[in-house]
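Geometric and topological summary
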Amino acid sequence: MSYHGSDFYDDNSNFEQYMQRRQWQENANDTLETPVIWQLLGDVLDRHVLDLGCGDAGFGVELLKKGCAAYVGIEGSRNMVKAASNQLMDYSHGSVLHMRMEDYTYPRNVYDVVISRLALHYLEDIGSVFRSIHQTLKPNGRFVFSVEHPVITSTLQPSGTRTNWVVDNYFIDGYREQQWLGGTVHKYHRTVEDYFIAMQEAGFIVEQLRESKPVREHFASDETYERRRRIPLFLCLAGRKQD
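Residues numbered from 1 in each chain as written. Predicted model: local features only at pLDDT ≥ 70, side-chain atom pairs only at ≥ 80, totals over all residues. Heavy atoms only, no water.

Once that is clear, we can look at empty space enclosed by the protein. By rolling a water-sized probe across the atoms, one finds the places where empty space is left. The full count for this structure, using the stated rule, is one cavity of 30 Å³ or more. If you add up the space inside the largest cavity, you get close to 40 Å³. Taken together, Val151, Ile152, Thr155, Leu156, Gln157, Arg162, Trp165, Val166, Val167 and Ile231 make up the lining of the largest cavity. Residues belonging to the lining of the largest cavity are distributed by class as follows: seven nonpolar, two polar and one charged. (1 Å grid on protein atoms, 1.4 Å probe; cavity = no way out; pocket = protein on both sides within 12 Å on 5 of 7 lines; lining within 4 Å. Points joined across faces, edges and corners; volume = space filled by probe spheres on them. Nonpolar A, V, L, I, M, F, W, Y, C, P; charged D, E, K, R; others polar.)

Right under this line is the structure:
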């Protein structure tokens, strides 16, 4: 069966497999992407945060524990929203809305920080979403996001441990399919340059660009660390709305 973005996780089998996968020791999200996101975010104390494609809101809980003033997650999957609601139950300043990020009505000048982790590569049109994010940020507000690295999305291959990667059709933007956890997932490929320009065109000052370079202390084994040094899995960017 073929899925588009968050719909993938509304298949109960896919959802369960994904949640189990996230518990693996040395999973790529925790060892590569998460440390970079925290570095780009910096201090979140008293910040109002919007999280696009928030999944189970586990990251939202971490933000609330670190003192953010309010957290709103946007998530298109029913299963993920249920999990997020359970996670946020004990936090009066945390909430999740069941909708796609493309359909959210972005209020003007409300948030200090907008984040999106590994969700934007499911969107066909990031330009309009980036403009909406710029609109909803307060002056000097920050936009931090991660996506699968374009060297990966250019030529998607079945998920799994590999010793070689194919990079092809890199400058041919657009629709891609990937076999993952027993289903077919729809994604959209863009180059590093495309993401950078899209941020600039939306009005952001691009402050940082990171490629999830592995750091030894985040890994339990030398083998996994050395394997992760071969190819970038994630691209992360941070931008600021001008005052």
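Let's shift gears to the side chain of Thr34. With respect to the helices, strands and loops of the structure, Thr34 is situated in helix H2 (residues 28-41). A relative accessible area of 15% places Thr34 in the buried class. Residues in contact with Thr34, not counting those within four places in the same chain, are Asn29 and Arg117. (Helix = DSSP H or I, 4+ residues; strand = E, 2+ residues; numbered from the N terminus. Buried < 20%, exposed > 50% of the residue type's maximum accessible area, 1.4 Å probe, protein only. Contact = heavy atoms within 4.5 Å.)

Looking now at helix H5 (residues 126-136). Along H5, the positions that sit buried rather than exposed are Ile126, Val129, Phe130, Ile133, His134 and Thr136. The arc that holds every buried residue of H5, seen down its axis, measures 170 degrees, which confines them to one face. Buried residues in H5 make contact with strand E2 (48-52), strand E5 (111-117), strand E6 (137-148), helix H7 (192-201), strand E9 (204-210) and strand E10 (234-241). The N-cap of H5, judged by a side-chain oxygen 3.1 Å from the amide nitrogen of Gly127 a few residues on, is Asp125. (Arc of directions from axis to C-beta. Polar contact = N/O pair within 3.5 Å; in protein donor to acceptor, adjacent residues only side chain to side chain.)

A separate point is the packing of H2 against helix H3 (residues 58-65). Look at H2 against H3: their axes get within 13 Å of each other, and the N-to-C directions meet at 40 degrees. As far as their axial angle goes, H3 and H2 are oblique. The crossing of H2 and H3 is right-handed. For the pair H2 and H3, the contacting residues are Ile37, Trp38 and Leu41 in the first and Phe59, Glu62 and Leu63 in the second. Taken together, the residues that form the contact of H2 with H3 break down as five nonpolar, no polar and one charged. (Axes fitted to C-alpha atoms, helices over the stretch in contact; angles between N-to-C directions. Parallel < 35°, antiparallel > 145°, perpendicular 65-115°, else oblique. Left-handed = near helix turned anticlockwise from the far one by under 90°.)

The subject of this paragraph is the sheet that holds E10. Strand pairing in a sheet is mediated by backbone hydrogen bonds. Such pairs are either parallel or antiparallel. With mixed pairing, the seven strands of this open sheet are ordered in space as E4-E3-E2-E5-E6-E10-E9. Looking at the sheet topology across the chains shown, the edges are occupied by strand E4 (94-98) and E9. Neighbouring strand axes in the sheet, compared pairwise and without regard to direction, differ in orientation by 15 degrees on average. Pairing geometry for E5 and E6, over six bridges, is parallel. In the strand pairing of E6, Ile115 is matched with Val144. The sheet strands contacting H2 are E5, E6, E9 and E10, and the helix crosses E10 at an angle near 15 degrees. (Pairing = 2+ DSSP bridges.)

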